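Overview (structure and organization)
The chain contents come next:
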Amino acid sequence: MIFLAAGLCSFLTIYRPVLRAVYDGLEAYLGFLGDLVALWQAAAPFILADYANSMLAAGTALGLALLVGLPAGVLAGARPNSAGGTLVRLLSSLGIMTPTFMLALAIMVFFVLYVLPLTGVRFILLSSQESTLDPRRLLPVALTLAARPLAYVTSQTAAATREALAADYIRTAHAKGLAGWQVLAGHMLPNIGAAVAGTLPPALLFTLGSLPIIEFVFNWPGVGQELLYRIVASPQASVAGAAMVGFLLTSLGMTYMLAVVLAAALQRVLDPRSTAITH
Amino acid sequence: MRAGIAMQLRRLVRTPSLLLGILLLVPVAMAVGVPGWIAPHDPELRGPALQQIDGRWAAPPYPPSREYPLGSDLRARDLLSRIVYGARVTLLLALVAAAIRILIGAILGWAAATFRGAVERWIVIAADISATLPSLLFAFLLIATIGPHRGLPVFLIGLGFTGWAAWTQLIYSGIRRIQAEPYMEAAEAIGTTRRSRLRYYLLPNLLPAVLPVIVQEIAAVLLLLAELGFLGIYLGSSSPLRLSDLLGGEQPQLPIPEWGGMLAGTRLEIFRWSWLPIVPAGAFFMTILGLYLLADGLRQQLDKAKS
């Protein structure tokens, strides 16, 4: 067997340089891993700047989503058959099913035609010269990014509210003669907190998933737009291009992982029962 | 027979989302089935190179008018006709991609629920990881890297190999739930074969819950197709994706009309020729809305039937 294997290896090495190709491949791969540090050092300033811009937009969008989605969800869950509740449910469904670029274009047109002229500048949205901290540039991006997480947070909050309202402790609180707002603030809201915290990672995932297309529409210098450009611009599979795509994707993945960990910690704080059950 | 039909119609009217969904999808279904009946022109027919609009001579694209109800493209072809003729390719692609997603997800979900232990653990972990990958990025990376000009297989891989995780989780949890039901235990106790349990107990209880999600999955693939098209990735592309395709300014010459391709390169046209992005985006939106409403209506009907 050993002689047979040795013979086969010799044949392959001489007739077709398979072993050499494998060795070369491994060497190149290990060399690439060694180069990663140097590549990262070269790319880090650009990636970090893009990342900061993306997180600025995503953070503002998530903040808006929570700010509007929580009360809207509570309203829709508490009064599901009212006109407000139906409207909230309808808007929430529309937020999930509207193509992101369509919403982005609509918001861009609205801002360019009606909002930005009031501020004296019309085409700030597509300008790469203006600071991303300028609210005239940030707000339309954040509003578009907020659509899907807002829809998700609203629907999940509404579901949690409905579930909480059907619980025994709410009936007991009503039976004790507590006012509606007292039941809401003292009993229901603390109990839906953990469920709401659980919506944060998926909401962030919606935001991160929409980043490329929204940043592309608004020419926003973030990770998403850079990813699109890098994927398209490096079909020659250059090491630097591939590493850049890898770094950018990793930055988004690590953000999501961080959000999952933070949300889990928040859930434990808001609902100590979850920890008690686990242990 | 008539009473049965009347009852079905009454149910339909009482479920507004189902009715509205069907109403929205009827023209789409007609466009898929008999495009020649509703398209006013041949989709490839080019209009005049110059046309008088409001007393001034203008070159294409022409705005919506009596001649072009939804406007024309840059080659003076009627957009409505191209939308109607493009429905078949677009929806078939979405249908097949959704079927691949469902098949992959269902097989893995079934395997996880059937073969416990390491298989179950690894499949659940793989589904959890896959569920966190943004579909758009995954599909864009895959199709752009391989090359959209390589045709249908690349699109089926890009669209079908993402989004299956939700199906794995759905089928896995569905089977586990049904397996824990007393009737399944009873069936096992009386010695029913695995095939019989699958046919008479598992599938009839699983399918109703899955039916609306199938419809929703087609809508999800359509949403992804629209976003990819807007980014310059569409079926029928004749060259690898270039930066100029992404940035826009150049409309692709499509051999077959396809909604995603009609959106390509229209990012900045919204201010000049707004109908160019609005018409295909509207077609996508109408179909997606119709499918979501249909799914919602089906879910309501099934819930009513169950209760």
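Residues numbered from 1 in each chain as written. Chains lettered and ligands numbered in written order. Predicted model: local features only at pLDDT ≥ 70, side-chain atom pairs only at ≥ 80, totals over all residues. Heavy atoms only, no water.

Some points on the confidence of the model for chain A
- On average, residues of chain A score 84 in pLDDT, and 94% of them are at 70 or above.
- The lowest-confidence element of chain A is helix α11 (residues 272-278) of chain A, averaging 62 in pLDDT; the highest-confidence one is helix α8 (residues 200-218) of chain A, averaging 90. (pLDDT = per-residue confidence, 0-100. Helix = DSSP H or I, 4+ residues; strand = E, 2+ residues; numbered from the N terminus.)

Observations regarding a positive patch on the surface
Residues and elements named next belong to chain B.
- On the surface, Arg 10, Arg 11, Arg 14 and Lys 304 cluster together into a patch of positive charge.
- A total of three residues in the positive patch trace back to one element, the largest contributor, which is helix α1 (residues 2-14).
- One can find Lys 304 in helix α13 (residues 275-306). (Patch = residues over 30% accessible without salt bridge, like charges linked within 9 Å, V, L, I, M, F, W, Y side chains within 5 Å. Areas by Shrake-Rupley, 256 points an atom, 1.4 Å probe, with all protein chains shown as cover. Salt bridge = Lys/Arg side-chain N within 4 Å of Asp/Glu carboxyl O. Lys, Arg positive; Asp, Glu negative; His and termini not counted. Charge placed at Lys NZ, Arg CZ, Asp CG, Glu CD.)

A few points about the interface of chain A and chain B
- Between chain A and chain B, the residue contacts involve 31 residues of the former and 30 residues of the latter.
- Each partner contributes to the roughly 2,800 Å² buried at the junction of chain A and chain B, and carbon and sulfur atoms together form 87% of this total.
- The tally of links from chain A across to chain B stands at one salt bridge.
- Residues Glu 227 of chain B and Arg 148 of chain A are paired through a salt bridge, measuring 3.2 Å at the closest nitrogen-oxygen approach.
- Inspection of the chain A/chain B interface yields three residue pairs in polar contact (both at pLDDT 80 or more). (Contact = heavy atoms within 4.5 Å. Buried area = accessible area lost by both parts, 1.4 Å probe. Polar contact = N/O pair within 3.5 Å; in protein donor to acceptor, adjacent residues only side chain to side chain.)

Some remarks on the confidence of the model for chain B
Residues and elements named next belong to chain B.
- In this model, chain B carries an average pLDDT of 87, and 97% of its residues clear a pLDDT of 70 or more.
- Per-element mean pLDDT across chain B ranges from 72 in α1 up to 94 in helix α4 (residues 79-114).
- Scored as a whole, the predicted complex attains pTM 0.85, and scored at its interfaces, ipTM 0.82.

What to know about the side chain of Thr 161 of chain A
- Tracing the backbone through its elements, the reader meets Thr 161 of chain A in helix α5 (residues 135-165).
- Discounting chain neighbours no more than four positions away, the residues touching Thr 161 of chain A are Gly 73, Val 74, Gly 77, Ala 78, Met 188 and Ile 192 of chain A.

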